[in-house]
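Geometric and topological summary
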Amino acid sequence: MKRLLLEELLNWKDAEKRKPILLDGARQVGKSYLLKELFGKAYFDNVHTIDFLKSPDASLLFEDDLEPERIIDGISLFLNKRVNPEKDLIIFDEIGECPRAVQSLKFIAEDKPQWFVCSSGSNIGLLDSFPVGKVHGLTLRPMNIEEFIMALGSELEYSMFQKMDRTKLVHNQLWSKLVDYFFVGGMPESVQSWLDTKEKSTAERRRKVRQIQKDILQGYERDFGKYSGKMNALHISQVFKSVIDQIQKNIEGNVKRFTFKGIIEKKSSYRDFSNIIEWLEKTHLISKCFVINKRPIVPLRAIRKNSFFKLFYLDVGLLSCSLGINESALNMGDMLFKGVIAENFIQNELLSYGYDESYSWSENTAEIEFLLEKGNSVIPVEVKAGKNTKAKSLSSFKERYAPENTIKLIGAVGGTDPKDIVLPLYYSNFLNQVRLID
């Protein structure tokens, strides 16, 4: 299955000089597959992998000095094959298990910029020390809807997606893919299962995907104890589960501001939870969307409140699994939680296209799911899972602040107004092009 991040890896390969790649991302999002299979085997004659989780003894390679030539000699000896880092790809997998290997990237960047060295890990954000400015950092997230359509759709469907075709026939095809995506999500194992079982009954396919999702969530729970360090693993688990608990209290509404009361006994303030939430963010299991409750101005970062935010799951498939959505309840027209799933979907799409932070707006009873910056302007983005294009909150926002453009993402083909843009939800990649709006 193709991943969009491959293009950036190819640009890195073609550069005359390069810093080592440090690929971050949650567990099970496909980091190793991207580096080894899609990139390494396809574009290098030789790929050499050191997996610090499978081979803890590999840490001995970095116990002495971190001189790059000596490390390469050690790797050749460890793998029992000659390694040529100027032609071969070297991969340090699960590098977070070996902090000295992380530090070695600094010296490789300084002394050997012609080498091809990539590294990856699921706990990189939790490292105590980090070679700032000496690595080319990338983050891989679950497959977004574009990658999902590439994997499961026909070439013609993907071509229509790229052209943003909005004829009724194309809409029916792509909307069907989006509904599947809301159930399957973008974890590569779930997507591969959905692809491999396409000749099976729909019920059987869904059962297999649900079991995979449950296993992934259980794996995350086990990781809380392994990587929590001084932090209470039980508290991390309670906060992670509270994201779902708070969503379930608003079945038909949007995602609400995250509240701290009632999660952990005797803890009820942002200060009590900030380290736990930061831990979950660093492992990419959740993400924040800051809520702006005043006139939005650029830069939005300057007016945000650190304690005023929504929390989202890393993947809509895992979200629907955690919400207990029945395998047969896949019709977005009457499915519970369709609003929060659509909102979580757009949050993850923004992150997948490189948005570092996201913002929403709320004043009194009016709410806008997302705000985007374009130059000195703020563009409101309304998200609706249904076909109804009426949006009272968006009208209220327009009356108060007169934005240059507005965007609505809905469950229909959309409209044609170049200023008040209405698109189907699956064309979320348009948000990555928002700076190109005239």
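The paragraphs below set out a description of the structure included in this document.

Here is what the cut-offs are and how they apply
Residues numbered from 1 in each chain as written. Predicted model: local features only at pLDDT ≥ 70, side-chain atom pairs only at ≥ 80, totals over all residues. Heavy atoms only, no water. Helix = DSSP H or I, 4+ residues; strand = E, 2+ residues; numbered from the N terminus. Rg over C-alpha atoms; globule rule 2.2 N^0.38 Å. Contact = heavy atoms within 4.5 Å. Areas by Shrake-Rupley, 256 points an atom, 1.4 Å probe, with all protein chains shown as cover. Lys, Arg positive; Asp, Glu negative; His and termini not counted. Charge placed at Lys NZ, Arg CZ, Asp CG, Glu CD. 1 Å grid on protein atoms, 1.4 Å probe; cavity = no way out; pocket = protein on both sides within 12 Å on 5 of 7 lines; lining within 4 Å. Points joined across faces, edges and corners; volume = space filled by probe spheres on them. Nonpolar A, V, L, I, M, F, W, Y, C, P; charged D, E, K, R; others polar. Pairing = 2+ DSSP bridges. Axes fitted to C-alpha atoms, helices over the stretch in contact; angles between N-to-C directions. Buried < 20%, exposed > 50% of the residue type's maximum accessible area, 1.4 Å probe, protein only. Polar contact = N/O pair within 3.5 Å; in protein donor to acceptor, adjacent residues only side chain to side chain. Expected span 1.5 Å × (residues − 1).

1. Topic: the overall build of the chain
Counting its regular elements, the chain contains 14 helices and 12 strands. Here the C-alpha atoms of the chain give a radius of gyration of 23 Å, agreeing with the 22 Å that 2.2 N^0.38 yields for 438 residues. Reported as C-alpha extents along the three principal axes, the dimensions of the chain are approximately 65 × 55 × 45 Å. Within the chain, contacts between residues at least 6 apart in sequence are counted, and of these 72% link residues at least 24 apart. Summing over all exposed atoms, the chain offers an accessible surface of approximately 20,200 Å²; the carbon and sulfur share of this is 47%. Measuring between centres, the 62 positive side-chain charges of the chain sit 5 Å from its 59 negative side-chain charges.

2. Quick word on empty space enclosed by the protein
Within the structure shown, the criterion is met by 2 cavities of 30 Å³ or more. Around the largest cavity sit 17 residues that line it, and Arg141, Pro142, Leu314, Asn348 and Leu351 are the ones nearest its centre. Mapped by element, the contributors of at least two residues to the lining of the largest cavity are strand E6 (286–292) and helix H13 (338–352). No other element matches the 4 residues that H13 contributes to the lining of the largest cavity. Volume-wise, the second largest cavity comes out at about 120 Å³. As for the second largest cavity, its lining consists of Ala26, Arg27, Ser122, Asn123, Leu126, Tyr220, Asp223, Tyr227, Trp279, Thr283 and Leu285. In terms of residues, the lining of the second largest cavity owes the most to one element, helix H9 (residues 202–227), which gives 3 residues. Taken together, the residues of the lining of the second largest cavity sort by class into 6 nonpolar, 3 polar and 2 charged.

3. Thoughts on the sheet that holds strand E3 (residues 89–93)
Ordered in space as E2-E3-E4-E1-E5, the 5 strands form an open sheet in which the pairing is parallel. The open sheet has two edge strands with one neighbour each: strand E2 (47–51) and strand E5 (136–139). Strand-to-strand twist of the sheet, defined as the mean angle between neighbouring strand axes without regard to direction, takes the value 20°. Relative to E3, E2 runs parallel, the two being bridged by 5 bridges.

4. Brief notes about the sheet that holds strand E10 (residues 377–383)
On the basis of which strands lie adjacent, the open sheet formed by 7 strands has the order E7-E6-E8-E9-E10-E11-E12 and mixed pairing. Edge positions in the sheet fall to strand E7 (309–313) and strand E12 (420–424), since each has one partner strand and no second. Ignoring strand direction, the axes of neighbouring strands in this sheet form an average angle of 30°. By the bridge criterion, 4 bridges tie E6 to strand E8 (residues 358–363) in an arrangement that is parallel. The residue bridging Ile292 from the neighbouring strand is Trp361, located in E8. Sheet strands in contact with helix H11 (residues 270–282) are E6 and E7, and its direction is about 130° off that of E6.

5. Things to note about the layout of surface pockets
Volume-wise, the largest pocket comes out at about 1,100 Å³. Around the largest pocket sit 36 residues that line it, and Thr139, Arg141, His284, Tyr355 and Asp356 are the ones nearest its centre. Breaking the lining of the largest pocket down by element, the ones donating at least two residues are helix H1 (6–14), strand E1 (21–24), E5, H11, E6 and H13. For the lining of the largest pocket, the residue count by class is 14 nonpolar, 8 polar and 14 charged. Of the pockets and cavities examined, the second largest pocket occupies roughly 480 Å³. Contributing to the lining of the second largest pocket are 20 residues, with Gln28, Gly30, Lys31, Ser32 and Tyr33 lying nearest its centre.

6. Concerning the side chain of Ser237
By secondary structure assignment, the location of Ser237 is in helix H10 (residues 233–248). Ser237 sits in the buried class, given a relative accessible area of 8%. A polar contact of 2.8 Å, which involves the side chain of Ser237, links it to the side chain of Glu221.

7. Overview of H10
Its 16 residues place the ends of H10 23 Å apart at the C-alpha level, agreeing with the 22 Å of an ideal helix rising 1.5 Å per residue. Residues of H10 that are buried include every one of His235, Ile236, Ser237, Val239, Phe240, Ser242, Val243, Ile244, Gln246 and Ile247, and no others. For H10, the elements touching its buried residues are H9, H11, E6, E7, helix H12 (316–322) and H13.

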